[in-house]
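So you can see what is in the structure, the chains are spelled out below.
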Amino acid sequence: MSELFSIRDARADDMGLIDAYAQAEGMDVMPGPERIRVAVNDDDVAVGFCRLQDDEGGIAYVNPIVTYAPWRGYGVGRALIEDARTIAGELRLVSRGTSEGFYRKLGFEPMPWNEVDLKAASEDCDNCPYRADCGPVPMRLRNK
Ligand SMILES: CC(C)(COP(=O)(O)OP(=O)(O)OC[C@H]1O[C@@H](n2cnc3c(N)ncnc32)[C@H](O)[C@@H]1OP(=O)(O)O)[C@@H](O)C(=O)NCCC(=O)NCCS
């Protein structure tokens, strides 16, 4: 792992920053620190986070992952996904079109819409007015 940051479980006192990072991306606030891992800088301040949510079959969905904008491009997102994979095995998600390249770089591949649990992914793409602009893509990273 990079020495710029490390990854640990989220705590209640991280939630202010985590929710601010989520809301800056137009996402909802998180229900709490459960199943959130945070990347923290040397001062133990969150610079990115990844939350997992299981579908009914126990497959983990990344929901969501965000790197604080000034920290993008330093490997935080990759490290959070590698950490999530170590914890959960196969990962699934619905990617925004703008993030598809990030996930492909990490080995994710597109998967059929009918195999996605939209509840676990917390996406309602069928009823979303921004679907055409967003260009959502269901993706998975299979177990090694
Ligand atoms: C997507 C996101 C989490 C990536 O985080 P990051 O910390 O910048 O990612 P990394 O620095 O670990 O990048 C890993 C690799 O992916 C590449 N990459 C990152 N974002 C990319 C993108 N949007 N498109 C294509 N490639 C991308 C990087 O160049 C890097 O490649 P390299 O290893 O060859 O240098 C971050 O851009 C973000 O928070 N975006 C806003 C929230 C969001 O859209 N989340 C995903 C919802 S589906």
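See the structure above.
Residues numbered from 1 in each chain as written. Predicted model: local features only at pLDDT ≥ 70, side-chain atom pairs only at ≥ 80, totals over all residues. Heavy atoms only, no water.

1. Considering the overall build of the protein
Keep this limit in mind: A run of H or I in DSSP becomes a helix once it reaches four residues, and a run of E becomes a strand once it reaches two; helices and strands are each numbered from the N terminus. Each radius of gyration reported is based on C-alpha atoms, and the globular scaling rule is 2.2 Å times the count of residues to the power 0.38. Between buried and exposed lies partly exposed: a residue is buried under 20% and exposed over 50% of the maximum accessible area for its type, with that area taken using a 1.4 Å probe on protein chains only. Residue contacts are defined here by distance: any two heavy atoms, one from each residue, within 4.5 Å place the two residues in contact. Computed by Shrake-Rupley with a 1.4 Å probe, the accessible areas treat only the displayed protein chains as cover when residues are assessed. Lys and Arg are tallied as positive, Asp and Glu as negative. Neither His nor the chain termini are counted. Charged side chains are reduced to one point each, which is NZ for Lys, CZ for Arg, CG for Asp and CD for Glu.
Regarding its fold elements, the protein presents four helices and seven strands. Counted from the first residue to the last, the protein has its helices and strands arranged as β-α-β-β-β-α-β-α-β-α-β. The C-alpha atoms of the protein give 14 Å as radius of gyration, which agrees with the globular expectation for 144 residues (15 Å, within 12%). With the C-alpha coordinates of the protein rotated into their principal frame, the extents come out at 45 × 35 × 30 Å. Within the protein, the fraction of its 144 residues that count as buried is 45%. For the protein, contacts bridging at least 24 residues in sequence account for 63% of all contacts bridging at least 6. A total of about 8000 Å² of accessible surface is found on the protein, and carbon and sulfur atoms cover 47% of it. On the protein, the mean spot of the 17 positive side-chain charges and the mean spot of the 25 negative ones are 5 Å from each other.

2. Quick look at helix α2 (residues 76–88)
Spelled out, the test is: Any helix carries an expected span of 1.5 Å times its number of residues minus one.
End to end, α2 covers 18 Å across 13 residues, agreeing with the expected 18 Å (1.5 Å per residue, within 8%). Trailing α2 by a residue or two, Gly-89 shows a phi angle of about 80 degrees, which is positive.

3. Looking at the site of the ligand
How we decide: One heavy atom suffices: a residue is near a molecule or strand as soon as one of its heavy atoms comes within 4 Å of it. Residue polarity follows a fixed list, in which Ala, Val, Leu, Ile, Met, Phe, Trp, Tyr, Cys and Pro are nonpolar, Asp, Glu, Lys and Arg are charged, and the others, Gly among them, are polar.
Taken together, 20 residues lie near the ligand, and Thr-67, Gly-73, Gly-75, Gly-77 and Arg-78 sit nearest. Taking 920 Å² as the accessible area of the ligand by itself, protein coverage stands at 73%. Going through the elements one at a time, β4 (60–67), α2, β5 (91–95) and α3 (100–105) are the ones with two or more residues in the shell around the ligand. Looking at the shell around the ligand, the element that brings in the most residues is α3, giving four residues. Here the shell around the ligand is built from residues that sort into seven nonpolar, eight polar and five charged.

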